[in-house]
Amino acid sequence: MSTDTALPPLAGRAVAARPSTFRRFVSFARSRHWTFAVGIVLFALIAVLLIAGPWATPYNPASQSLLRRLASPSAAHWLGTDHLGRDLLSRILVGGQFSVLIAMVTLFLCVTIGTVVGIISARSGGWVDEIIMRLVDLLISFPDVVIAIFAIAILGPGYGTLIISLTIIGWTPFARLSRGLALVISAKEYISAAEVLGCSRTFIIVRHIIPNTLRPIAAITFLRFGHKLITVGGLSFIGLGVQPPQADWALMLAEAQPYVERMPLLVIVPGLAIFLTALSVTWIGQGLELKEAR
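Residues numbered from 1 in each chain as written. Predicted model: local features only at pLDDT ≥ 70, side-chain atom pairs only at ≥ 80, totals over all residues. Heavy atoms only, no water.

Moving on, we come to the nonpolar core. The biggest cluster of nonpolar side chains holds 32 residues, and the ones touching the most others in it are Phe-225 and Trp-249. Of all the elements, helix α12 (residues 265-289) adds the most residues to this core, at six residues. In contact with Trp-249, not counting residues within four places along its chain, are Leu-50, Ile-92, Gly-95, Gly-96, Pro-270, Ala-273, Ile-274 and Thr-277. Ranked by size, the runner-up nonpolar core spans nine residues in total, among them Ala-122, Ile-185, Ala-194 and Ile-205. (Core = buried A, V, L, I, M, F, W, Y, C linked by side-chain atoms within 4.5 Å. Buried < 20%, exposed > 50% of the residue type's maximum accessible area, 1.4 Å probe, protein only. Helix = DSSP H or I, 4+ residues; strand = E, 2+ residues; numbered from the N terminus. Contact = heavy atoms within 4.5 Å.)

This next bit is on the side chain of Thr-106. By secondary structure assignment, the location of Thr-106 is in helix α4 (residues 97-124). For Thr-106, the side chain forms a polar contact with the main-chain oxygen of Ile-102, separated by 2.7 Å. Excluding residues within four positions of it along the chain, Thr-106 makes contact with Ile-163, Leu-166, Thr-167 and Lys-228. (Polar contact = N/O pair within 3.5 Å; in protein donor to acceptor, adjacent residues only side chain to side chain.)

Here we take up the pattern of salt bridges. Summed over the entire model, instances satisfying the criterion amount to eight salt bridges. Here Asp-82 and Arg-86 are joined by a salt bridge, their closest N and O atoms 2.8 Å apart. Summarising the burial analysis for this pair, Asp-82 and Arg-86 share the class buried. Arg-123 is paired through a salt bridge with Glu-195; the nearest N and O atoms lie 3.1 Å apart. Of this pair, Arg-123 sits in helix α4 while Glu-195 sits in helix α9 (residues 189-196), and the two are 72 residues apart along the sequence. Each member of the salt-bridge network shares a partner with another, and the members are Asp-82, Arg-86, Arg-91 and Glu-255. (Salt bridge = Lys/Arg side-chain N within 4 Å of Asp/Glu carboxyl O.)

See the structure below:
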């Protein structure tokens, strides 16, 4: 009589450990286009500098000294000083906080509103869909900057006014995209099966439609970030965005115009900061859309 004891079905087998979140992210990044990894690294570096800016600045960004105005780069001032003797490096480290924050908040509101409105439009159909889409067509015909200038003229410059004015139209591209995605997903067989089984409309939207729209919407969100950042910068450049004495990259560009020949770094450094920030986020969006060729 055999004395062997029967092993449980899984005994003696090596159970594969689930990969960690970091490993899954690395695997996902390697499957994307190279722009995704470069954009992530570049934006992470910029984000660290912006977050640590208030503690890393060698001088008070608002501290003025006319005795050292327009000073060339030196050991005391690595990037030199501006026309009021303020340290350029200190102002660069804190100058992007307001523009980047306004762009992020505005984009979050645009994505949320646009996605919800687009999905509701697609799932409702009929006259509801027609009214919403005609409203989108009307709003999207107005440039963002024109609406922002009009709102600022009425409400006055300020962070709240900037966010509201850029959100009024900014949600419309996301509404169009989410509506199109929702219409495609609604035609799938598993949606019909869920409806036959008696699943509620809310359940179908939350469980099936929204998760399947996240990646395309995320890619477009990153691609639109650069547009929002440049729009906020453009308003600050003409004096309708961030107001003095706050340090802001676009505002620094505007103030440096009369001194560009004597001190080119006053234009080059903030302009490069805006360019690299917009480029890094755009590369992340492109990387989400494109896959590395195998």
